[in-house]
Structure formats: C-alpha cells, structure tokens
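Working through the structure, step by step
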Amino acid sequence: MKDAVLAPYTWFRVGGAADWLFLPADTDDLSAFLQALDPAIPVTVLGVGSNLIVRDGGIEGVVIRLMGKHWGEITAVDATTLTAGAGALDLSVAKAAAANGTRGLEFLSGIPGSIGGATRTNAGCYGRELKDVLTSLEGITRTGKRVVYQGDSGDQGLPAVQMAYRHSDLPEDFIVTRLVLSGDGTDDPGAILKDIETLQARRAETQPIRDKTSGSTFANPDPPGTPNQRSAWKVIDAAGCRGLRVGGAQVSEKHCNFLINTGDATAADLEALGELVRARVFDHSGIQLRWEVRRIGRLHPPA
C-alpha cells in the first residue's frame, strides 16, 4: 500500500504515512519480498505500535507490519516450552503458557505489545526480562536470509544474542519472526491464570492503560539489582513533571513515566514533552534519562 497512514497502527494514534506498507502473509512471503527489494530502499518493521512514536513526517521506504493469524500463532512444544510468532501479543503468550500449565511467563502479561517487539529492548517487568525465558529466536535479514539465534536460556550451539537491561545486540536490519520460550516448571493452569489476572489488575490500578499511551517512556536510570536502584517515575516526579503538558501531550497524572495523547497531540508534541522531561530531570538530579519509546521517521513530510 502506498502512502499508508500509520497513526491507527500505533497506541499513541499519532504519526505520518509510510511511503509503502507491506503486510507479509508468512515467513516465505517476507523472505521473498526482501530478496526482491532494492537494497537501497529503507525497511522499517512495525509491530503493534505499543512502544513507538511515528514522527509526523512519516517513514521513508517500506514499513513491514507482521499481523494476522500466522504471525500471532502460539504453540506448546512440551509442558514448559512454547513457540510464538513475532506478532503474538505478550499477554496472549502469558495466557497460552497458563493454559499449558507452564510457570514462569506470567510477567509477560505486564508488557504492552508483541513478543517480537519485546526482543529489541529485552522488555521486562515484575523483576523478570525476556532474556530470562528466551531459548532461541528465528528471523530474517534485510537480504531475506533466515537466521536462528540462541537466547540466554538456550543451549543449542547457535550464534547467541546478547541481552542486557533494555537492550539486545540484534542487528538493526534483523526481523524477528518466531521465538522459543521456556518456563520454570509446571503448575495448575487455573492457579497460573489467577496470578496473571492479579498482575493485570495491578497494572490497571497503577498505569494509564485506558489512555492513548505506550509502554514506559524512559528506562530506569539503574538496571535491576543495583543497590538503591532509582526508578524513572520517581526522578520524574521529583523534578515536578507530573501532569506537565506540551500541546496535546501530557505526562500522566497516574504514572509519570507514561506520556499520553489527550486527544489532539502530534508526534512532535509527544517528543518535545519527553525531551522537556529529560531536561528538567537532568537539571534537578543530574540524571540523563534514556528513551525506552522508539521514535522513528521524518520530522516533516517530504517536500
């Protein structure tokens, strides 16, 4: 699709158009498309748009979105192992693990977005990260070549992907297509599902999930396990940024590590607000907050 508007595909509901949008039917379709595509044309992968600001000028080249039955398929391999397509929602993976009686993937229910997107930043919450449960992942390079990487919990003699706090060393042009995830053990499916429901209720109480928002805007200043670990929301609040606004963008009153689109925000409003928060936090505490939300595309439409 040419000049495809991307705002409806992002949780913030902002952003310009893609020069071209491609929706591959399956892995073979994606591989063939990339092999035939001119190497000079930029490629951007878009998941469910949960942790993303698409700038108002849109995105140059081709945007690939992994959506549909094939990309969301989740399959139980055994009592503690599942495979999940890159387009599967994190919550769906957690619930599928529960139905399988697999313990250890409940934390995924607290991560907004798709499991493929979670790999890029080693997403996590409630004291766990994707690397803790990732056995391996499959994907396709910009040239259409299929590659398999071994995760931290894998032992298959494959090339390994290195993951740290909110970071992975996957090549920028690598498109994740499928993951193999391993839990810690087994339990009664009903008990696991009850724990997921408890986590979901906790998230609804503390985060603005009913607003036009994303995941956490900034990574915490310190990685998990750091003594006296500092939280992004606390340093933002201490700098007086709760409720701060730029245009139609606002720092959430409910949880100030979330930006929200109050209704008429532009991508420029959201990004400017984020930078204003970063500046005020630095002035107040000397802490340089790092964006966790991806900001991609052109600032202005092409002439």
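Residues numbered from 1 in each chain as written. Predicted model: local features only at pLDDT ≥ 70, side-chain atom pairs only at ≥ 80, totals over all residues. Heavy atoms only, no water.

**Re helix H2 (residues 90-99)**
So the rule is basically this: In this scheme, a residue with accessible area under 20% of its type's maximum is buried, one over 50% is exposed, and one in between is partly exposed, where area comes from a 1.4 Å probe on protein chains only. A run of H or I in DSSP counts as a helix once it spans at least four residues, and a run of E counts as a strand once it spans at least two, with each numbered from the N terminus. By definition, the arc is the one covered by directions from the helix axis to the C-beta atoms.
Among all positions of H2, only Asp90, Val93, Ala94, Ala97 and Ala98 are buried. The arc enclosing the buried residues of H2, seen along the axis, measures out at 140 degrees, which places them on a common side. Among the residues trailing H2, Gly101 stands out with phi positive, at a value near 80 degrees.

**Concerning helix H1 (residues 27-36)**
Heads up, the condition is: By definition, residues are in contact when any of their heavy atoms lie within 4.5 Å.
Among the residues of H1, Thr27, Leu30, Ser31 and Leu34 are the ones counted as buried. All buried residues of H1 fall inside an arc of 95 degrees around its axis, so they share one side. For H1, the secondary structure elements touched by its buried residues are strand E2 (17-22), strand E3 (43-46), strand E5 (59-65), strand E11 (134-140), strand E12 (146-150) and strand E15 (175-182).

**Quick look at the UniProt feature "active site" (unreviewed entry) in the protein chain**
The cut-off we apply is this: UniProt positions are given in the numbering used here, feature names are shortened, and annotations may be inferred rather than shown by experiment.
Per the UniProt entry, the sites bearing "active site" (unreviewed entry) are Arg166, Ser216 and Glu292 in this numbering. Look at the named residues: they lie 127 residues apart in sequence, but the longest C-alpha span between them is just 11.2 Å, so in the fold they bunch up. Within the secondary structure, Ser216 is located in the loop between helix H4 (189-206) and strand E17 (218-219). By relative accessible area, which is 27% here, Ser216 ends up partly exposed. Those residues in contact with Ser216 that sit more than four places away from it in its chain are Asn51, Asn257, Phe258, Glu292 and Val293. According to the relative accessible area criterion, Glu292 is buried, its value standing at 15%. Discounting chain neighbours no more than four positions away, the residues touching Glu292 are Asn51, Arg166, Ser216, Thr217, Phe218 and Ala219.

**Notes on a nonpolar patch on the surface**
We count it as follows: The residues that make up patches have over 30% relative accessible area and no salt bridge, and they are joined within 9 Å when like-charged or within 5 Å when they are Val, Leu, Ile, Met, Phe, Trp or Tyr. Methods summary: accessible areas were calculated by the Shrake-Rupley approach with a probe of 1.4 Å, and residue burial reflects only the protein chains presented. When a carboxyl oxygen of Asp or Glu is within 4 Å of a side-chain nitrogen of Lys or Arg, the pair counts as a salt bridge.
Together, Met1, Leu23 and Met67 give the surface a local cluster of nonpolar side chains, amounting to about 270 Å² of exposed area. Within the element layout of this structure, Leu23 appears in the loop between E2 and H1.

**Concerning the pattern of salt bridges**
Evaluated as defined, the whole model comprises 17 salt bridges. Note that Arg55 is salt-bridged to Glu271, the shortest N-O span being 2.8 Å. Of this pair, Arg55 sits in the loop between strand E4 (52-54) and E5 while Glu271 sits in helix H6 (residues 267-285), placing them 216 residues apart in sequence. In this structure, the salt-bridge partner of Arg103 is Asp187, at a minimum N-O distance of 3.0 Å. Of this pair, Arg103 sits in strand E8 (residues 102-103) while Asp187 is found in the loop between strand E16 (185-186) and H4, placing the two residues 84 residues apart along the sequence. Taking relative accessible area as the criterion, Arg103 reaches 19% and is therefore assigned buried. Look at Asp187 and you get partly exposed, because its relative accessible area is 35%. Counted as one network, the salt bridges with shared partners bring together Arg55, Glu271, Glu275, Arg278 and Arg295.

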